[in-house]
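# Examination of the molecular architecture
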Amino acid sequence: MAITDLPLFQALKSKMQWHQVRQSVLAENVANADTPEYKAKELKDYDFADHLGRENFGLQTVRTETGHLTGAMSPPASGKVEEKDMFEVTPSGNNVVLEEQMMKVAENQMDFQAASAIYSRSLGLIRTALSKNG
């Protein structure tokens, strides 16, 4: 098993992929800012709990008494693109607000950078720990 196959790294990779898809959706919104009748789109929010529902982390809970709950996770969420109702709508029916979309692009970029920094630093820490002689 490779280090990058650990569930934490899989969750971080999934988060970074979500940010890449969201960047494409936001870029499409910006590109269509002047297209008549175009409705702004947004990607369903990413939730680590949804990702955890798809993975088995190797720890199984055991019901030792009948009153205990099982360790069932929530079902995975879809990363579907949804049209968003916006407050502002131009006379042509377009609801893209460029300032808002650019703020979302900047926020998305910062979140991606944070996830990738956590990924690389965690990988570095594990490599350092494994390279130490007992």
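Quick note: structure is the one above.
A brief look at the structure comes next. All values reported here derive from a predicted model rather than from experimental measurement. (Residues numbered from 1 in each chain as written. Predicted model: local features only at pLDDT ≥ 70, side-chain atom pairs only at ≥ 80, totals over all residues. Heavy atoms only, no water.)

Helix and strand counts for the protein chain come out as 3 helices and 2 strands. Secondary structure elements of the protein chain, listed N to C terminal, follow the sequence α-β-α-β-α. Burial status across the protein chain gives 27% buried among its 134 residues. Considering only contacts in the protein chain between residues 6 or more positions apart, those separated by 24 or more positions represent 74%. Accessible surface computed for the protein chain: about 9,400 Å², of which carbon and sulfur atoms make up 56%. (Helix = DSSP H or I, 4+ residues; strand = E, 2+ residues; numbered from the N terminus. Buried < 20%, exposed > 50% of the residue type's maximum accessible area, 1.4 Å probe, protein only. Contact = heavy atoms within 4.5 Å. Areas by Shrake-Rupley, 256 points an atom, 1.4 Å probe, with all protein chains shown as cover.)

Counted by the stated rule, this structure contains 2 aromatic pairs. A centroid spacing of 5.2 Å and a plane angle of 85° characterise the contact between Phe9 and Tyr119, whose relative ring orientation is edge-to-face. Within this pair, whereas Phe9 is found in helix H1 (residues 7-31), its partner Tyr119 is found in helix H3 (residues 98-131), the two being separated by 110 residues in sequence. The pair formed by Phe9 and Tyr119 is uniform in burial state, with each residue classed as buried. (Phe/Tyr/Trp six-rings, centres within 6.5 Å; stacked < 30°, edge-to-face > 60°.)

A few words now on the environment of Gln109. With respect to the helices, strands and loops of the structure, Gln109 is situated in helix H3. Under the relative-accessibility criterion, Gln109 is labelled partly exposed at 44%. For the pair Gln109 and Arg22, spaced 87 residues apart in sequence, the C-alpha separation works out to 9.8 Å.

What follows covers the pattern of salt bridges. A full pass over the atoms with the stated rule returns 4 salt bridges. Measuring nitrogen to oxygen at the nearest pair gives 2.9 Å for the salt bridge that ties Glu42 to Arg22. Here the residue Glu42 occupies a position in strand S1 (residues 41-43), and Arg22 occupies one in helix H1, the gap between them amounting to 20 residues. Its relative accessible area of 8% is what places Arg22 among the buried residues. Measuring nitrogen to oxygen at the nearest pair gives 3.7 Å for the salt bridge that ties Glu100 to Lys104. Taken together, the residues Glu100 and Lys104, both in helix H3 and 4 residues apart, mark about one turn of the helix. (Salt bridge = Lys/Arg side-chain N within 4 Å of Asp/Glu carboxyl O.)

Once that is clear, we can look at the side chain of Asn108. Locating Asn108 in the fold gives a position in helix H3. Looking at Asn108, its side chain comes within polar contact range of the side chain of Gln23, at 2.8 Å. Those residues within four positions of Asn108 in sequence are excluded, and the remaining contacts are Trp18, His19, Arg22, Gln23 and Leu26. (Polar contact = N/O pair within 3.5 Å; in protein donor to acceptor, adjacent residues only side chain to side chain.)

Here we take up the nonpolar core. Judged by nonpolar contacts, Phe9, Leu12, Met16, Ala115, Tyr119 and Leu123 together constitute the single largest core of 6 residues. Excluding its chain neighbours within four sequence positions, the residues that come into contact with Met16 are Phe112, Ala115, Ser116 and Tyr119. (Core = buried A, V, L, I, M, F, W, Y, C linked by side-chain atoms within 4.5 Å.)

Where H1 contacts H3, the two axes come as close as 9 Å, and the packing angle between them is 160°. By the angle between their directions, the pair H1 and H3 is classed as roughly antiparallel. As for the relative orientation of H1 and H3, their crossing is left-handed in sense. Grouping the constituent residues of the contact of H1 with H3 by class yields 15 nonpolar, 9 polar and 6 charged. (Axes fitted to C-alpha atoms, helices over the stretch in contact; angles between N-to-C directions. Parallel < 35°, antiparallel > 145°, perpendicular 65-115°, else oblique. Left-handed = near helix turned anticlockwise from the far one by under 90°. Nonpolar A, V, L, I, M, F, W, Y, C, P; charged D, E, K, R; others polar.)

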